Each structure stands twice: as structure tokens, then as C-alpha cells.
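Secondary and tertiary structure notes
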Amino acid sequence: MDTLPLFDARARVLADLQARNHATAEAVSLLEDAVSAREWWADQWPEGEVYVAGLVAQDVQDGLFEIAGRWPLCLTCPGPEHSLYIQPDLGGPDPVWICEESGDVVAPLGGLGD
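Below: a short report on this structure. This is a predicted model, so every value here is computed, not measured.

Now for the sheet that holds strand β1 (residues 84-87). Read from one edge to the other, the open sheet built from three strands follows the order β1-β2-β3, with strand pairing classed as antiparallel. The sheet is open, and its two borders are formed by β1 and β3 (105-108), each paired with just one other strand. In this sheet, adjacent strand axes meet at a mean angle of 35° when their direction is disregarded. Contacting β1 and β2 (96-99), helix α3 (residues 52-67) runs over the sheet at an angle of about 155° to β1.

What follows is the structure, given as C-alpha cells:
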């Protein structure tokens with residue numbers, strides 16, 4: 001398997017964690033676990049490599065919800081706190097963060113700090 005998609009996924013999710021001040025030891029550990037799990041997944045389905053980055057982001061998001069709450073939060077909408085989510089649902093091939101309330105594209109994966 002080509003490891004470049006895994007390194008790309010790790011870098012993009014880490015950039016978003018850092019952009020939202022969530023690059024804690026626990027979050028980075030979740031990220032490493034997600035990358036390892038998706039490496040096995042991509043080995044089983046090589047054509048699925050284009051989905052790895054978005055799936056890693058979703059895995060980290062799910063893990064953080066269990067230990068730290070919602071991540072990443074939407075910072076553009078007024079009103080109650082709500083999350084962003086990865087679109088398309090399968091995570092690729094060009095994953096973006098979408099506001100769960102407005103449905104607007106907020107940033108590409110890895111671009112929350114831009």
C-alpha cells in the first residue's frame with residue numbers, strides 16, 4: 001500500500017486539531033490509532049485510499065466526542081453550539097468540513113486554520 005495517503009490524512013487532521021487548540025496528547029493518540037486502523041482498512045481495499053483522510057477525521061471526531069465533547073465546533077454561526085462534520089459521508093475523495101446547522105462548507109479537511 002502507498003503510505004502517502006496515510007501521511008496526508010495524519011497531517012491534515014493534525015492541522016485541524018492544532019487550528020482549534022485540540023492537539024492534546026489524547027487527541028494525537030486518537031489520531032495515531034485512527035491512522036493505524038485505516039492503514040489496515042486501505043490494505044484490504046486499495047481503491048479506498050482516496051477516502052482515508054476523511055475517514056481518519058471522522059474516527060478522530062468520534063473518539064474526541066467520547067472524551068472531550070464536540071470537535072470541531074462551528075465558529076461562524078450564531079446560536080447554540082454545534083459541530084462541523086465531514087462531507088461526503090464516506091470521507092472522500094475531497095473531504096470538507098460542513099456546518100451541521102447551515103449546511104455550508106466551512107473549510108477543506110486540513111484548512112480550519114486558514
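So that's the structure; there's more coming.
You can see Asp16 is positioned in helix α1 (residues 4-19). It turns out Asp16 is buried and unbridged, and the closest side chain with the opposite charge, Arg12, is 7.0 Å from it. For Asp16, the contacting residues outside a window of four places in its chain are Trp71, Trp97, Pro108, Leu109, Gly110, Gly111 and Leu112.

Let us look at α1. Helical geometry: 3.6 residues make up each α-helical turn, so side chains three or four residues apart lie on a common side. Compared with an ideal rise of 1.5 Å per residue, which puts 16 residues at 22 Å, α1 spans 22 Å between its outermost C-alpha atoms and is within 8% of the ideal. For α1, the set of buried residues is Pro5, Leu6, Ala9, Val13, Leu14, Asp16 and Leu17. Buried residues of α1, viewed axially, fall in a sector of 160°; they line one side. Turned more than 90 degrees from where α1 packs its buried face, Leu4 and Phe7 sit exposed. Its buried side turned inward, α1 meets α2 (25-44), α3, β2 and β3. Once α1 ends, the next one or two residues include Asn21, with phi positive near 55°.

What counts as what
- Residues numbered from 1 in each chain as written.
- Predicted model: local features only at pLDDT ≥ 70, side-chain atom pairs only at ≥ 80, totals over all residues.
- Heavy atoms only, no water.
- Pairing = 2+ DSSP bridges.
- Helix = DSSP H or I, 4+ residues; strand = E, 2+ residues; numbered from the N terminus.
- Axes fitted to C-alpha atoms, helices over the stretch in contact; angles between N-to-C directions.
- Contact = heavy atoms within 4.5 Å.
- Buried < 20%, exposed > 50% of the residue type's maximum accessible area, 1.4 Å probe, protein only.
- Lys, Arg positive; Asp, Glu negative; His and termini not counted.
- Salt bridge = Lys/Arg side-chain N within 4 Å of Asp/Glu carboxyl O.
- Expected span 1.5 Å × (residues − 1).
- Arc of directions from axis to C-beta.

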